[in-house]
Amino acid sequence: MILAGHALGAQQQDARATELFNRFAAYATRIQIVEKLSGAKSAIGSGFFTTAAGHIVTNYHVISSVINRPDRYRAEVVEPNGSTTAATVVAIDVVHDLAILKSNVHDRPFFALQQVTPRHGERLFSLGNPRDLGMSIVEGTYNGLLEHTLYPRIHLTAPINPGMSGGPTIDEQGRVVGINVATEGNEVSFLVPVDRAIALLQTALSSGPRAEPPTLELVGKQLRQHQDTYVKEMFGASAKMIDFGPFRVVTQPAAFFRCWGDGSRNQELPYERTRHRCTTEDDIYLDVDQTTGSLTLNHQLVTTKTLNAPQFFALYTSTFGTDNSPSGEEEYVTNWKCVTRNVRNNSVTMRAVMCLRRYRKLGKLYDANLKLAALGRSDVGLVSTLNLTGLTYDNLTKLSDTFIKQVSWR
Amino acid sequence: MALILEIRDRRGATTWHSLNRPLTVGRGLSNDIILDDPYVDARHAHILLDDFGALTVQDLGSVNGLLTNGVRAPTAIVVQPGTELRIGRSTLRFRDSDEAVPPALVDASHRAPLATRWMFTDRGSLVLVAAATGLAALMTWLGTSERSAAASVIGAVLAALVLMSLWAGVWAIALRGAERRFQMRGHLAVTAAAVIVIALATTLTDWLQFFFPDTAPPSLAFSAVVLLTLSALIAGHLTVAGALSKRRRWQVGLGVSATLFVGGMLIGLAQDEKFSDVPKFPAQLKPVSPRIVPTQTVDQFVKAMAKARDEADKAANP
């Protein structure tokens, strides 16, 4: 009976998805990025119509090439019959990974956006163009807003695939709940809540048709405006001090960090390493191969019982010198510039290195790689690293100052 | 013009003979020139003027014969200045008595510092090579963090010995001169001394960079030490070979090392401008009491970060 009932339920579900697809597939659209010189498409994605005037919502990461290299790339809407129509980017929200395009396609039905809050476990349907295979519908389950993230994200249990980015996820009434944005595989997928798109659309509509198109300058501005709130939270109420070997160090710098630890105990080696690491889970997509906004805190304890002092310090030096800075591309960032000092806070004498690099095209934004190595024992050492990306100089010095002052002996 | 016969026997000893009368060469004691060489016949060769008045060497039916350029020669060879013949394991070389020789060098060895003279004695060179090898072993041992350091220490000792011998060997061969004196021991002593100086300078720079991370002079001073050591090394090799005057040796040494140095600096500059997403900084940590380490306050350090920011700004907007 249960099996039969289940089968019947599945049939009903299938029917529901078919019905929704038939009704709403035309609301969504394929978007492609074309390399101007060769005329070949360099990226594909999805989007959906949201006004009668041809406004389309999609992800920033779908159209990022157009913002980064407007001279080389343009965006196009691909009609169901395969013909293409030019589209211009009229508004971006790089932090939440959204963009609004304006096309001259006026004959398509569109989703009127409104605030929707689904129930936990509610069935949702994602529309999009997975791997450029054609418009598809995927059923999934609403699992609430992610906790502990910097940027609001809906957790959807559904197999969203590359190419579906920018497509809408709708409820059974056909209301847009969120915009497909990312997947972690195994049916774990993420949506940008619809309220972010509503806000961005308002910006696009209010700026008028003659407004300047968004540029990298605006990307930099949005990144600077966004960060003050979360930087204020760091090393605040949620931060905890923990015992780490003979040291006390800070962990869980803010609620939006995830922390974990691990140790390596290899019988072959005359020393041990213990790590404690906290990172933000989400970063901001800027361009192919370039993200920003991730923050990492890393404590590493090196201990030995058998190495003599010079041997231990040779090991400690190499641990301290091992690179754990964020990666970067020449097009986007400068070389690292470092300042090294021996520093003493209230408790610990340490070697401290601050390396900075600047974003080339986003105005005054920097990445920082701050490393500390505590001095004073020849059987145990602490290397603490704070990696900050896409911050203003004020913010990163503020955080660095706090970070250096918190290290102490137990 | 008269020809002089230069004989270099299998032990490297050289003798000169004038050729104003016919001479016999062989191992037998009745010969005019006696070669103590088991590969030479009792009566091996005869040197005489032939019917046309040309100086000729005749093989007297010996077992191993006479070799020119490694090939067994016909029984009679007409020789000229510069002709070289091999007889057994010895070499016969015919030289013009009017051949120009370089001017005499000023002998300053009695004025050379005691240390320099000691360096080239048997004991001195042995001590230097042992010290350089020992230093390599010590530095490897102190730098290792493996459970058993023996393998890497032995490896370092072997590497040090092989590399020093190779370097000294190249100089010995290149500067052996007309007399074929290799002077390997002297070249090894010079090489070992340079290795010791560089090792000590490296260690000292490392410590200075640890204590004073924000000052450039340690690396500048280190460069100067390397430059001087390299010059001294080259001058030293030339001294061992007895080539050139003292002033010229140093000129050559400084010239060569300065050229290498400028080349290296240009390569360094070019690489500095290359993009890399790996930061470079002096990471030295040393096992000393924190009390003797000069430190800054956190606030001073945070203020100093502006220097990195300014450099990054400059790199972004050149």
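Residues numbered from 1 in each chain as written. Chains lettered and ligands numbered in written order. Predicted model: local features only at pLDDT ≥ 70, side-chain atom pairs only at ≥ 80, totals over all residues. Heavy atoms only, no water.

**So, the packing of aromatic side chains**
And then number 1: Under the definition given, this model contains 17 aromatic pairs over all chains.
And then number 2: Ring geometry for Phe24 of chain A versus Tyr27 of chain A: centroids 4.9 Å apart, planes at 70°, classification edge-to-face.
And then number 3: On the basis of relative accessible area, Phe24 of chain A is assigned to the buried category, the value being 2%.
And then number 4: Since its relative accessible area comes to 16%, Tyr27 of chain A is described here as buried.
And then number 5: Put simply, the rings of Phe24, Tyr27, Phe48 and Phe111 of chain A touch in pairs and so form one group of aromatic residues.
And then number 6: We note Lys361 of chain A situated over the ring of Tyr332 of chain A; from NZ or CZ to the ring centre the distance is 5.1 Å.
And then number 7: The cationic tip of Arg309 of chain B hangs over the ring face of Tyr393 of chain A; the distance from NZ or CZ to the ring centre is 4.4 Å. (Phe/Tyr/Trp six-rings, centres within 6.5 Å; stacked < 30°, edge-to-face > 60°. Buried < 20%, exposed > 50% of the residue type's maximum accessible area, 1.4 Å probe, protein only. Lys NZ or Arg CZ within 6 Å of the ring centre and 35° of its normal.)

**Some details on a nonpolar patch on the surface**
Residues and elements named next belong to chain B.
And then number 1: On the surface, a cluster of nonpolar side chains totalling about 300 Å² of accessible area is made up of Val162, Leu163 and Leu166.
And then number 2: Locating Leu163 in the fold gives a position in helix α3 (residues 150–174).
And then number 3: Given a relative accessible area of 56%, Leu163 falls into the exposed group. (Patch = residues over 30% accessible without salt bridge, like charges linked within 9 Å, V, L, I, M, F, W, Y side chains within 5 Å. Areas by Shrake-Rupley, 256 points an atom, 1.4 Å probe, with all protein chains shown as cover. Salt bridge = Lys/Arg side-chain N within 4 Å of Asp/Glu carboxyl O. Helix = DSSP H or I, 4+ residues; strand = E, 2+ residues; numbered from the N terminus.)

**Let's talk about the interface of chain A and chain B**
And then number 1: Contacts between chain A and chain B engage 62 residues on the former and 50 residues on the latter.
And then number 2: Between chain A and chain B the total buried area reaches about 4,700 Å² when both faces are included, carbon and sulfur atoms providing 64% of it.
And then number 3: When the buried area of chain A at its contact with chain B is split by residue, Arg341, Asn342 and Arg351 of chain A rank highest and sum to 14% of it.
And then number 4: There are four salt bridges connecting chain A and chain B.
And then number 5: Across the salt bridge formed by Asp313 of chain B and Arg358 of chain A, the nearest N and O atoms sit 3.0 Å from each other.
And then number 6: Where chain A touches chain B, the interface holds 21 residue pairs in polar contact (both at pLDDT 80 or more).
And then number 7: With ten residues, the single largest contributor to the side of chain A that touches chain B is helix α5 (residues 309–321) of chain A.
And then number 8: Tallied by class, residues from the side of chain A that touches chain B come to 29 nonpolar, 18 polar and 15 charged.
And then number 9: Note: strand β20 (residues 337–344) of chain A against strand β12 (residues 296–297) of chain B, two bridges, orientation parallel. From the neighbouring strand, Arg344 of chain A faces β12 of chain B, where its bridge partner is Thr297 of chain B. (Contact = heavy atoms within 4.5 Å. Buried area = accessible area lost by both parts, 1.4 Å probe. Polar contact = N/O pair within 3.5 Å; in protein donor to acceptor, adjacent residues only side chain to side chain. Nonpolar A, V, L, I, M, F, W, Y, C, P; charged D, E, K, R; others polar. Pairing = 2+ DSSP bridges.)

**A word on helix α6 (residues 393–406) of chain A**
Helical geometry note: an α-helix holds 3.6 residues per turn, so side chains three or four residues apart project in the same direction.
And then number 1: Its 14 residues place the ends of α6 of chain A 20 Å apart at the C-alpha level, agreeing with the 20 Å of an ideal helix rising 1.5 Å per residue.
And then number 2: The buried fraction of α6 of chain A amounts to ten of the 14 residues, a majority that puts the element mostly inside the structure. (Expected span 1.5 Å × (residues − 1).)

**Digging into the domain arrangement of chain A**
Residue and element names in this part refer to chain A.
And then number 1: According to the domain assignment, chain A contains domain 1 (2–214) and domain 2 (225–409).
And then number 2: The C-alpha centroid of domain 2 is placed 37 Å from the C-alpha centroid of domain 1.
And then number 3: Across the interface of domain 1 and domain 2, roughly 1,300 Å² is buried in total on both sides, 53% from carbon and sulfur atoms.
And then number 4: On the domain 1 side of the contact with domain 2, His148, Leu150 and Tyr151 bury the most area, a combined 43% of that side's loss.
And then number 5: At the boundary of domain 1 and domain 2, one finds two salt bridges.
And then number 6: The partner of Glu331 in a salt bridge is Arg69, and the shortest N-O contact between them spans 2.7 Å. (Domains from an automatic or database assignment.)

**A word on the state of the cysteines**
Residues and elements named next belong to chain A.
And then number 1: Applying the stated criterion to the full structure yields two disulfides over all chains.
And then number 2: The disulfide bridge from Cys259 ends at Cys278, spanning 2.1 Å between sulfur atoms. Its torsion about the S-S bond being 110°, the disulfide of Cys259 and Cys278 is classed as right-handed. Taken together, the residues span a long stretch of sequence, with Cys259 in strand β15 (residues 257–264) and Cys278 in strand β16 (residues 271–280) at a distance of 19 residues.
And then number 3: We classify Cys259 as partly exposed; its relative accessible area is 26%.
And then number 4: The disulfide partner of Cys338 is Cys355, and the gap between their sulfur atoms is 2.1 Å. Its S-S torsion of approximately 105° makes the covalent link between Cys338 and Cys355 right-handed. Residue Cys338 is found in strand β20, and its partner Cys355 is found in strand β21 (residues 349–358); the two are separated by 17 residues along the sequence. Residues Cys338 and Cys355 agree in their burial class; the two are buried.
And then number 5: For chain A, the bonded cysteines connect in the pattern 1-2, 3-4 when numbered consecutively along the sequence. (Disulfide = S-S within 2.5 Å.)

**As for the side chain of Thr191 of chain B**
And then number 1: Positionally, Thr191 of chain B belongs in helix α4 (residues 184–211).
And then number 2: Of note is the side chain of Thr191 of chain B, whose polar atom sits 2.7 Å from the backbone oxygen of His187 of chain B.

**Focus: the nonpolar core**
And then number 1: Counting 99 residues, the largest nonpolar core has Ile63 and Val219 of chain A as its most contacted members.
And then number 2: Considering every element that reaches this core, the biggest residue donor is helix α7 (residues 298–316) of chain B, with seven residues.
And then number 3: Viewed by domain, this core spans two of them, domain 1 (2–214) and domain 2 (225–409) of chain A, each represented by three or more residues.
And then number 4: Among residues more than four places away in sequence, those in contact with Ile63 of chain A are Ile33, Thr58, Val89, Ile92, Ala99 and Leu101 of chain A.
And then number 5: Ranked by size, the runner-up nonpolar core spans 26 residues in total, among them Phe111, Ile179, Val194 and Leu200 of chain A. (Core = buried A, V, L, I, M, F, W, Y, C linked by side-chain atoms within 4.5 Å.)

**Description of the side chain of Thr229 of chain B**
And then number 1: On the secondary structure map, Thr229 of chain B appears in helix α5 (residues 217–241).
And then number 2: Reaching out from Thr229 of chain B, the side chain makes a polar contact with the backbone oxygen of Val225 of chain B at a distance of 2.5 Å.

**Comments concerning the pattern of salt bridges**
And then number 1: Inspection of every chain in the model, using the stated rule, returns 31 salt bridges over all chains.
And then number 2: Overlapping salt bridges, with partners in common, bring together Arg16, Glu19, Arg123, Glu139 and Glu172 of chain A in one network.

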